[in-house]
Amino acid sequence: MRLRSVILDTTVRLVFDAALVLSVYMLFAGHNQPGGGFVGGLVAGAAIGLRYVAGGLDEALAVVPVRPSLLPAVGLALAVGTALWPLAGDEPPLDHRVFEWHLPALGDVALTTATIFDAGVYLIVVGLVLMVLDGLGDEGDEEAGGG
């Protein structure tokens, strides 16, 4: 049985959700201000790392309900697909497009291809952090195996 710190557990539970909201904000605000997919992914990765320190591997992997290796694969597909999609229309790779809609409850909403690219980078970074934590394992694994 692993000893857990009540102070660390409580602090991580308070900070975790706010850090994830900050990471998503950085993902979407990164085109006009500092941030983007990489910085947002690092903030989310740091929050997941805090869960790993406080509760171990099972708690860190519980953040995402899929295998950690799936996130970088999906992220890479998004990033490469967004980069190469303009080639289908005889345009240069990584050409930037803006799609705008008017939604009754939200008003004018814009989605750029750069946001989709950054979302792919975000998934790659978060997935790699989860894969590293999975590779590190849990200190309880060695004790359970007898040595």
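Rules and cut-offs
- Residues numbered from 1 in each chain as written.
- Predicted model: local features only at pLDDT ≥ 70, side-chain atom pairs only at ≥ 80, totals over all residues.
- Heavy atoms only, no water.
- Axes fitted to C-alpha atoms, helices over the stretch in contact; angles between N-to-C directions.
- Helix = DSSP H or I, 4+ residues; strand = E, 2+ residues; numbered from the N terminus.
- Parallel < 35°, antiparallel > 145°, perpendicular 65-115°, else oblique.
- Left-handed = near helix turned anticlockwise from the far one by under 90°.
- Contact = heavy atoms within 4.5 Å.
- Nonpolar A, V, L, I, M, F, W, Y, C, P; charged D, E, K, R; others polar.
- Salt bridge = Lys/Arg side-chain N within 4 Å of Asp/Glu carboxyl O.
- Buried < 20%, exposed > 50% of the residue type's maximum accessible area, 1.4 Å probe, protein only.
- Pairing = 2+ DSSP bridges.
- Core = buried A, V, L, I, M, F, W, Y, C linked by side-chain atoms within 4.5 Å.

(A) Fine view of the packing of helix α1 (residues 6–29) against helix α2 (residues 37–55). Where α1 meets α2, the axes come as close as 8 Å, and the angle between the chain directions of the two elements is 165 degrees. Judged on the interaxial angle alone, α2 and α1 are roughly antiparallel. Along this stretch, α1 crosses α2, giving a crossing that reads as left-handed. Every residue of α2 that contacts α1 at Leu8, Asp9, Val12, Val15, Phe16, Ala19, Leu20, Leu22, Ser23, Met26 and Leu27 is listed here: Gly37, Val39, Gly40, Val43, Ala44, Ala47, Ile48, Leu50, Arg51, Val53 and Ala54. Considered class by class, the residues forming the contact of α1 with α2 number 17 nonpolar, three polar and two charged.

(B) Representation of the pattern of salt bridges within the structure. One pass over the full model with this rule turns up four salt bridges. A salt bridge links glutamate 59 to arginine 51; the shortest N-O distance between them is 3.5 Å. Close ionic contact of aspartate 95 with arginine 97 constitutes a salt bridge, the shortest N to O distance being 3.5 Å. Judged by relative accessible area, which is 23%, aspartate 95 ranks as partly exposed. Each of Arg13, Arg51 and Glu59 takes part in salt bridges that share partners, so that together they form one network.

(C) Fine view of the pairing of strand β1 (residues 98–103). When β1 meets strand β2 (residues 107–112), the two strands line up antiparallel, connected through six bridges. The partner of phenylalanine 99 across the bridge, within β2, is leucine 111.

(D) Representation of the environment of alanine 44 in the model. Its location among the elements puts alanine 44 in helix α2. Separated by 20 residues in the primary sequence, alanine 44 and valine 24 have C-alpha atoms spaced 8.3 Å apart. With sequence-adjacent residues up to four places away left out, alanine 44 is seen in contact with Leu20, Ser23, Tyr122 and Val126.

(E) Layout of the packing of α2 against helix α5 (residues 113–136). Here α2 crosses α5 at 25 degrees, and the two axes come no closer than 8 Å. The orientation of α2 relative to α5 falls into the category roughly parallel. Note that α2 runs across α5; the crossing there is right-handed. From α2, Gly37, Phe38, Gly40, Gly41, Leu42, Ala44, Gly45, Ile48, Gly49 and Tyr52 reach across to α5, where they touch Asp118, Val121, Tyr122, Val125, Val126, Val129, Leu130, Leu133 and Leu136. Taken together, the residues of the contact of α2 with α5 break down into 13 nonpolar, five polar and one charged.

(F) Expanded view of the nonpolar core. Ile48, Val126 and Leu130 are the most contacted members of the largest nonpolar core, which has 15 residues in total. Within the residue set of this core, elements represented by two or more residues are α1, α2, α3 (57–61) and α5. With residues up to four places along the chain from it excluded, the contact list for valine 126 reads Gly41, Ala44, Ile48 and Leu71.

(G) Structural view of unusual backbone geometry. The backbone of aspartate 90 sits at a positive phi, close to 55 degrees, despite the residue not being glycine. Topologically, aspartate 90 is positioned in the loop between α4 (70–84) and β1. Of note, leucine 94 is a non-glycine position whose phi angle comes to about 60 degrees, a positive value. With respect to the secondary-structure elements, leucine 94 resides in the loop between α4 and β1. Note on leucine 94: relative accessible area 56%, which makes it exposed.

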